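Summary of structural features
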Amino acid sequence: MKVLVPIKQVIDANVRPRVKADGTGVDLANVKLSINPFCEIAVEEAIRLKEKGKASEIVVVSIGPAKAQEIIRSAYALGADRGLFVETEERVEPLAVAKVLQAIIAAEQPGLVILGKQAIDDDSNQTGQMLAGLLGWPQATFASKLEVDGDRATVTREVDGGLETLALTLPAIVTTDLRLNNPRYPTLPNIMKAKKKAIDVKKPEDFGIDITPRLKVLKVSEPPARKPGIKVASAEELVKDLKAAGVL
Amino acid sequence: MTTLLLADHDNATLGSATARALSAARELGADVHVLIAGSNAKPAAEAAAKLEGVAKVLLADDPSLDHQRAEPAAALVVALAKDYDAIVAPATSSGKNILPRAAALLDVMQISDIIKVVAPNTFERPIYAGNAIETVESTDTKKVITVRGAAFPAAKEGTAAAPIETVAVTPAESGSAFVSESLSKSDRPELTAARIVVSGGRALGSSEKFNEVLLPLADKLHAAVGASRAAVDAGYAPNDFQVGQTGKIVAPELYIAIGLSGAIQHLAGMKDSKVIVAINKDEDAPIVQIADYSLIGDLFTIIPELDKALG
Ligand SMILES: Cc1cc2nc3c(=O)[nH]c(=O)nc-3n(C[C@H](O)[C@H](O)[C@H](O)COP(=O)(O)OP(=O)(O)OC[C@H]3O[C@@H](n4cnc5c(N)ncnc54)[C@H](O)[C@@H]3O)c2cc1C
Ligand SMILES: Nc1ncnc2c1ncn2[C@@H]1O[C@H](COP(=O)(O)O)[C@@H](O)[C@H]1O
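Residues numbered from 1 in each chain as written. Chains lettered and ligands numbered in written order. Predicted model: local features only at pLDDT ≥ 70, side-chain atom pairs only at ≥ 80, totals over all residues. Heavy atoms only, no water.

In this section: unusual backbone geometry. Cis rather than trans, the peptide bond between Leu170(A) and Pro171(A) has omega equal to 0°. The topology assignment puts Pro171(A) in the loop between strand S9 (162–169) and strand S10 (172–176). Backbone geometry at Asp107(B) places phi at a positive 55°, although glycine is not the residue there. With a relative accessible area of 34%, Asp107(B) lands in the partly exposed category. Located in the positive-phi region is Asp113(B), a residue other than glycine, with phi close to 60°. Overall, the relative accessible area of 15% leaves Asp113(B) in the buried class. (Helix = DSSP H or I, 4+ residues; strand = E, 2+ residues; numbered from the N terminus. Buried < 20%, exposed > 50% of the residue type's maximum accessible area, 1.4 Å probe, protein only.)

Take a look at the structure:
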């Protein structure tokens, strides 16, 4: 079974994002960019499926600006077999991403697609669900456990009330949550090998898909700042202050 | 025209997130119909009918909708969509699971997790873990929106109940089946609805300590219990306790952060709380920088003192 893993390059999770002074977006110049942490978990899960003999090939796909190609190499270094990069300097929304992925999936025919549950830049939490809808495939979002057996996947999901387990008939869509696995680190020889591997580069037009955004970003602003707080010396003082503030 | 609100419920009761999403839905300016998709879900429909500002409740009652699996629930929303200009759901795990699937089938780009309705086509939403707020205008004719509950007040019960109308469901093969669930049981208030939240981090060190230190305090304050990702990953607390960018978003009157550092991903889930207290041994921890009140020291000495001071 082929496993397809869509991955996105985002601002590194350890960087504090800064809003640009002109209110047009977040400053990404000279900022460390990485593979979205949830996508990294998705790649790791695909590798584990391959190690267990459940997956035969891992194909990673990313849609984004030229420099985002780096994450295909990162995925190669971890163990992905093949990478497809769809290059565009435009802003690509989840709906457009899902449509491009749908076209790629029609050609690749994977048995399982594993996405991140959320990209930590746009915080949309949509792409996997949209893709599942477009394909008419079953979905299991926010997965913390995945087992594949023949043409069935059993997935435990993190939901608001606790955990839920679903059984899916493949092909299906799974999106990853934090507890699914702990991604491995690439080894140096694998990083070197990844540098030489080919990447198949395409454009959105190659799929005949209109990626024009449906949402116009009118403004990006700083969230309101909190007023400075105080240090209290003891538990009694804290209780007194909280009572005075009317919250106890 | 009209707005459809997909309710979050467990057939027997209506989640408070629905009442909050209703407040956002009403700000769109049109009549609001609430859709209860479930199985034996009449009690949830009756609860929805009582909320102020609901013009009508649609009850889709069918065994296939029992656990709100995304495939049948999204298909139902799509089938009803032609009569609506906007489709809204709370950004709960269920709303987030179902609504984007419906949006794609309607060829609409969903606006996720709105915190403000600027105009019926313009919304504010947090991005980058709440480090930036984006104002977006939707050019789609139909709007599909999820609502961050913490940003809107819960609609109250009104004086008259809205009518409940039954809608027909055509069950279809979906490729997914419910197997089991293990839900946290607790007499404490629900995390996203609580007036006070007591949250613990990695410093608690074990699930025994987490429970021993935090639960008596939470009980005394009638508070919900939350946790950082590190505490959940380490197994001190269950996953549904996680507060943050990728966990639950809370905005209680009082948030007490105990032995957690306040990483940006954690702050994203609680920094709109009215009053924040940090209890931490490191006065340079990010949580201390944003807290209204900080008590610097060892939590294992401070919490018993706090228990005592509370009487
Ligand atoms: C993709 C992604 C998503 C994430 N999502 C979330 C999320 O939703 N929610 C979330 O919380 N995190 C999230 N994180 C993780 C986040 O980055 C931090 O790693 C995490 O919040 C740290 O947890 P912590 O504060 O408990 O632990 P630490 O950062 O280790 O902090 C422990 C704190 O306890 C203090 N301490 C230690 N001993 C004592 C003592 N005896 N008494 C008092 N204080 C003491 C220390 O000074 C320190 O400040 C996410 C990370 C990533 C990459
Ligand atoms: N531009 C992209 N290229 C490839 N995959 C993407 C892209 N955007 C989103 N995804 C996938 O969809 C997931 C959820 O993203 P989002 O819906 O934007 O929060 C990510 O973790 C990726 O797996």
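Next, the rest of the story.
This part is about the site of ligand 1. Close contacts around ligand 1 come from 30 residues, with Arg202(B), Ser228(B), Gln242(B), Ser261(B) and Asn280(B) the closest. More than a single chain frames ligand 1: its nearby residues are located in chains A and B. Within the side chain of Thr246(B), a nitrogen or oxygen atom sits 2.8 Å from a nitrogen atom of ligand 1. For ligand 1, whose free accessible area comes to 980 Å², the fraction covered by protein is 83%. Listing elements by their share of the shell around ligand 1, those giving two or more residues are helix H1 (37–51) of chain A together with helix H6 (229–233), helix H7 (264–267) and helix H9 (299–310) of chain B. (Near = heavy atom within 4 Å. Polar contact = N/O pair within 3.5 Å; in protein donor to acceptor, adjacent residues only side chain to side chain. Areas by Shrake-Rupley, 256 points an atom, 1.4 Å probe, with all protein chains shown as cover.)

Bringing the packing of aromatic side chains into the picture now. Each pair of aromatic rings is reported with the distance of its centres and the angle of its planes. Residues and elements named next belong to chain A. Enumeration over the complete set of coordinates arrives at zero aromatic pairs over all chains. Residue placement shows Lys117 over the ring face of Phe142; its charged tip is 5.7 Å from the ring centre. Sitting above the plane of the Tyr76 ring, Lys197 keeps its charged end 4.7 Å from the centroid. (Phe/Tyr/Trp six-rings, centres within 6.5 Å; stacked < 30°, edge-to-face > 60°. Lys NZ or Arg CZ within 6 Å of the ring centre and 35° of its normal.)

To continue, consider the site of ligand 2. Residue and element names in this part refer to chain A. Not every one of the 19 residues close to ligand 2 is listed here, only the nearest: Pro6, Ile63, Ala119, Asn125 and Thr127. Separating a nitrogen atom of ligand 2 from a backbone N or O atom of Ile63 is a distance of 2.7 Å. The separation between an oxygen atom of ligand 2 and a polar main-chain atom of Ala119 is 2.7 Å. Out of a free accessible area of 480 Å², ligand 2 has 98% covered by protein chains. Those elements that provide at least two residues to the shell around ligand 2 are strand S4 (57–64), helix H3 (94–108) and strand S6 (112–116). The biggest single contributor to the shell around ligand 2 is S4, with three residues. Split into classes, the residues belonging to the shell around ligand 2 amount to nine nonpolar, eight polar and two charged. (Nonpolar A, V, L, I, M, F, W, Y, C, P; charged D, E, K, R; others polar.)

This next bit is on the sheet that holds strand S5 (residues 111–114) of chain B. All names here are of chain B. One open sheet holds the seven strands; their spatial order is S5-S9-S4-S1-S2-S3-S10, and the pairing between them is parallel. Each having just a single partner strand, S5 and strand S10 (164–166) make up the two edges of the open sheet. Strand-to-strand twist of the sheet, defined as the mean angle between neighbouring strand axes without regard to direction, takes the value 25°. Relative to S10, strand S3 (residues 54–61) runs parallel, the two sharing three bridges. Across the sheet, the residue bridging to Val57 is Ile164, located in S10. Against the sheet, helix H2 (residues 42–50) makes contact with strand S2 (31–38), S3 and S10, and its axis sits at roughly 175° relative to S3, the strand it touches most. Relative to strand S4 (residues 86–90), helix H4 (residues 93–105) is tilted by about 160°, and along the sheet it contacts strand S1 (2–6), S4 and strand S9 (143–147). (Pairing = 2+ DSSP bridges. Axes fitted to C-alpha atoms, helices over the stretch in contact; angles between N-to-C directions. Contact = heavy atoms within 4.5 Å.)

Take the pairing of S6(A) next. Residue and element names in this part refer to chain A. Most of S6 sits out of view: five of its five residues are buried. Residues Leu112, Ile114 and Gly116 line one face of S6 and the alternating positions Val113 and Leu115 line the opposite face, and both faces are buried. Pairing of strand S1 (residues 2–6) with S6 involves two bridges; the strand directions are parallel. Bridge assignment links Leu4 to a residue of S6, and that residue is Val113. Strand direction decides the pairing type here: S6 and S10, joined by five bridges, are parallel. From the neighbouring strand, Gly116 faces S10, where its bridge partner is Thr176.

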